[in-house]
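# A closer look at the structure
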Amino acid sequence: MRIIFALVFLVGIGIAGFAAFLAMDQFKVLQAQNSALKIRAAKVVDVTPVILAKAPLRYGQELRREHAYEVSFPADAVPKNAFTSMEELFGPEKDTPSRAILRRIEPGEIISATKVTRFGQPAGVGSMLNKGMRAFTIRVDVLTGVSGFLQPGDKVDVFWSSTQNGRTVTKQLLEGVDIIAIDQNADEDTNRPVIARTVTVEVTPLIVATLAQAQSQGRLSLALRGTEDTTIMGAVLEVTQEDLLGIEEAPEEVEAKVCTQSIMRAGQRTTITVPCPDE
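Predicted model, so just to flag it, every value in this text is computed and none were measured. (Residues numbered from 1 in each chain as written. Predicted model: local features only at pLDDT ≥ 70, side-chain atom pairs only at ≥ 80, totals over all residues. Heavy atoms only, no water.)

### Some details on the overall build of the protein
Of the regular secondary structure elements, the protein holds five helices and twelve strands. Looking at the protein as a whole, 26% of its 279 residues qualify as buried. Residue pairs in contact within the protein that sit at least 24 positions apart in sequence constitute 61% of those at least 6 positions apart. Entry remark: accessible area of the protein is about 19,400 Å², with carbon and sulfur atoms responsible for 57%. (Helix = DSSP H or I, 4+ residues; strand = E, 2+ residues; numbered from the N terminus. Buried < 20%, exposed > 50% of the residue type's maximum accessible area, 1.4 Å probe, protein only. Contact = heavy atoms within 4.5 Å. Areas by Shrake-Rupley, 256 points an atom, 1.4 Å probe, with all protein chains shown as cover.)

### Focus: the environment of Glu175
Structurally, the position occupied by Glu175 is in strand β7 (residues 167-182). Residues Glu175 and Val156, spaced 19 residues apart in sequence, show a C-alpha to C-alpha distance of 6.6 Å. Those residues in contact with Glu175, other than ones at most four positions away along the chain, are Val156, Asp157, Arg225, Thr231, Ile232, Met233 and Gly234.

### Quick notes on the nonpolar core
Formed by 19 residues in total, the largest nonpolar core has its most connected members in Val199, Val201, Leu211 and Leu222. Listed by contribution, the elements that provide at least two residues to this core are β5 (134-139), β6 (155-164), β7, β8 (198-203), α4 (205-217) and β9 (219-224). In terms of residues, this core owes the most to one element, β7, which gives four residues. Ignoring anything within four residues of it in the chain, the contact list for Val199 reads Phe136, Thr137, Ile138, Val140, Leu150, Ile179, Ala181, Ile182 and Leu222. Core analysis: the second largest hydrophobic core is formed by 13 residues, Ile51, Phe83, Leu89 and Val116 among them. (Core = buried A, V, L, I, M, F, W, Y, C linked by side-chain atoms within 4.5 Å.)

The following block contains the structure:
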């Protein structure tokens, strides 16, 4: 009996140990799963709905609901001017006037307020202007207009050339000005080079007055900037005819100071030259 009891006791201890081992192993599995869930929970970010384009949208095209769809996007990565609901983009009612496309939108691109017009507004220069800005038209030709390579959306520097009082000068007036239209065309997708007669730029009211005065007193020329060039010199750039020809202005001659003194001799006044006193 004692032998049987001992065997049963040993078997019981073995079973209990095996059960404890299985429980410990299951606990480790649950612990690993809990850690994985915590890691996944830490990666969860706030999302915001945004509206994307389904198909390519071009300048002047009417924007319709079938052109757009809604997706969730990380909230901290949503552009400030992006539309975040279909009602915001198309209006709460079905008869709301439609918007028009101002700038090219590619499939999958976020539709933003800068690329579409207001409700019922056609695509045009007025709808492209930012708040507080004005459109000013500059007369150009094949020489002053970069030989027809300018397009809406390009940036240019503006130079002024004039002859005043017999002195010819060229001065840089503006840097990095946005072109919003070439002649009567504001479509950025236009890729056919044309010899423009006018270029319309977006500037402040003060710059409008400056350009109007400069255009009436001389000739404005444009210099095309590279698409990735954001350099702003800030310093006044001016070249005169003398600078171009390498002519240095001669220093002004200073006339020697002459001092005189009047004396009376035999009843007659005589003027003589005398050394000038030190000043």
